[in-house]
Amino acid sequence: MSALSDDWRTGLDEVDAALIDDYQSGFPVEARPFRAVAADLGIDEADALARVRRLREQGIFRRFGAVLNPPVIGSSTLAAVSAPEARFDEVAEVINGYRQVNHNYRRDHEWNMWFVVTAGSRETRDRILTEIEERTGCAVLNLPMLTDYYIDLEFPVMNEDRFARESLEQTAVSATRISENATGDLSDLDARLLVEIQDGFPLSKTPYADIADRIDADTDDVIEAISRLLDDGCIKRIGCIVNHVITGFRNNCMVVWDVPDDELDARGEEVGSLPYVTLCYHRPRRPEQDWPYNLFTMIHGREADAVDAKIDELDAEHLPFDHERLYSTETLKQTGAQYEELVSSDD
């Protein structure tokens, strides 16, 4: 853990604070984006770039660039297994060995290992799940996202908030149906571009021109493609991606709810608009595997008791239904989705 974890604000000024809280999204998509940001902040271009570099080096930013949207580009699912404790590490090693597995967490539940598989097609995704079952001997709970009510880990951190967005009143919600057969319908330029930017943009005065050089494309075409991919939802946002652990938001809980089907959309949109709910989405029930839950919510906080209090509030005021709280207790794998897999036709 970085030394910044306990006193991460040391040495930061008001301009740094504005970069951290105000530029997690909406970063300019134009030839000289740091010049535009600098003008907004009342500094010069070189200073704006140097500050983002420093915040990245300090670990406050994970990276600078695009947050991509795997369920729109390819076929993605959240899956879980109930790994015997005596074989837990062995099972994790098998699952983490797949490049298409980009997140894996231990959670305090009978289904104790939760991971995300994202592949270029539903067939490839399901083949991987079948292989995991065969190799580990553990049944896989397959829970693809069906509706995205609200998913956004963008929230202010230059504050004393106990839970995410404590200082905000509401967030905008938009229910989006997700196809398990998504392929993104990408052009050759789109595919090469997504592979190039998956780990971030170059930290330079001309990031889009640098990207264009790397994929042998015209800068204007790259800028146009990125703008279009933002509009299409393949890119969720562009900006400085904050490290929430470093900034103190170390506590999170995934809460699963058994919501009546005829109330699901209304409840999902209502709960997704609550500022402290960072993720809200519909996944299928699996009654044959004793999984009756269809609505998932996530809450992030600096304080565990504050997270618990907001879950109590959800239960009392918004979701008066059976639910379970699955606390994350260990990160087993955390990487970006592998876009070489998503954009290829034979992954």
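Residues numbered from 1 in each chain as written. Predicted model: local features only at pLDDT ≥ 70, side-chain atom pairs only at ≥ 80, totals over all residues. Heavy atoms only, no water.

Asks: Tell me about the nonpolar core, and please be specific about residues and values.
Replies: The biggest cluster of nonpolar side chains holds 45 residues, and the ones touching the most others in it are Ile20, Leu193, Ile197 and Phe201. When residues of this core are traced back to their parent elements, those giving at least two are helix H2 (14-22), helix H3 (33-41), helix H4 (45-57), strand S1 (61-68), helix H8 (188-197), helix H9 (207-214), helix H10 (219-232) and strand S8 (235-242). The element that contributes the greatest number of residues to this core is H10, accounting for 5 residues. Apart from residues lying up to four places away in sequence, Ile197 is in contact with Ala66, Leu68, Ile211 and Ile235. Core analysis: the next-biggest nonpolar cluster, separate from the first, contains 21 residues, Cys253, Val259, Val277 and Cys280 among them. (Core = buried A, V, L, I, M, F, W, Y, C linked by side-chain atoms within 4.5 Å. Buried < 20%, exposed > 50% of the residue type's maximum accessible area, 1.4 Å probe, protein only. Helix = DSSP H or I, 4+ residues; strand = E, 2+ residues; numbered from the N terminus. Contact = heavy atoms within 4.5 Å.)

Asks: Tell me about the environment of Leu194, residues and numbers included.
Replies: By the element assignment, Leu194 lies in helix H8. Sequence spacing of Leu194 and Phe155 is 39 residues, and the spatial spacing of their C-alpha atoms is 25 Å.

Asks: Report on the side chain of Ser204, specifying residues and quantitative values.
Replies: Within the secondary structure, Ser204 is located in the loop between H8 and H9. In this structure the side chain of Ser204 is engaged in a polar contact, spanning 3.2 Å, whose partner is the backbone nitrogen of Thr206. At 2.5 Å, the side chain of Ser204 and the side chain of Asp210 are in polar contact. Once you skip the residues sitting within four places of it in the chain, Ser204 turns out to touch Phe34, Leu49, Arg53 and Asp210. (Polar contact = N/O pair within 3.5 Å; in protein donor to acceptor, adjacent residues only side chain to side chain.)

Asks: Mind laying out the environment of Ala39, listing which residues take part and the relevant values?
Replies: Tracing the chain through its elements places Ala39 in helix H3. Looking at Ala39, the relative accessible area reads 59%, which means it is exposed.

Asks: Give me the lowdown on the sheet that holds strand S11 (residues 295-301), citing residues and values where you can.
Replies: By definition, the strands of a sheet pair up through backbone hydrogen bonds, in either a parallel or an antiparallel sense. Pairing in this open sheet of 10 strands is antiparallel, and the strands run S5-S2-S4-S3-S12-S9-S11-S10-S6-S7 from one edge to the other. This sheet does not close on itself; its edge strands, each paired only once, are strand S5 (140-143) and strand S7 (176-177). Sheet analysis places strand S9 (residues 251-257) next to S11, joined by 7 bridges and oriented antiparallel. When the bridges of S11 are listed, Val255 appears paired with Thr297. (Pairing = 2+ DSSP bridges.)

Asks: Hey, could you go over the confidence of the model for the chain for me, with residue numbers and the actual values?
Replies: For the chain, mean pLDDT is 90; residues scoring 70 or higher make up 93% of the total. Overall, residues 1-5 carries pLDDT values under 50, and its contacts beyond four positions in sequence, including any with other chains, amount to 9 contacts. (pLDDT = per-residue confidence, 0-100.)

Asks: How would you explain the packing of H9 against H10 if you had to name every residue and give the values?
Replies: As a packed pair, H9 and H10 sit with axes 8 Å apart at the nearest point and diverge in direction by 105 degrees. By the angle between their directions, the pair H9 and H10 is classed as roughly perpendicular. For the pair H9 and H10, the contacting residues are Tyr208, Ala209, Ile211 and Ala212 in the first and Thr219, Val222, Ile223 and Ile226 in the second. When the residues that make up the contact of H9 with H10 are grouped by side-chain class, the tally is 7 nonpolar, 1 polar and no charged. (Axes fitted to C-alpha atoms, helices over the stretch in contact; angles between N-to-C directions. Parallel < 35°, antiparallel > 145°, perpendicular 65-115°, else oblique. Nonpolar A, V, L, I, M, F, W, Y, C, P; charged D, E, K, R; others polar.)

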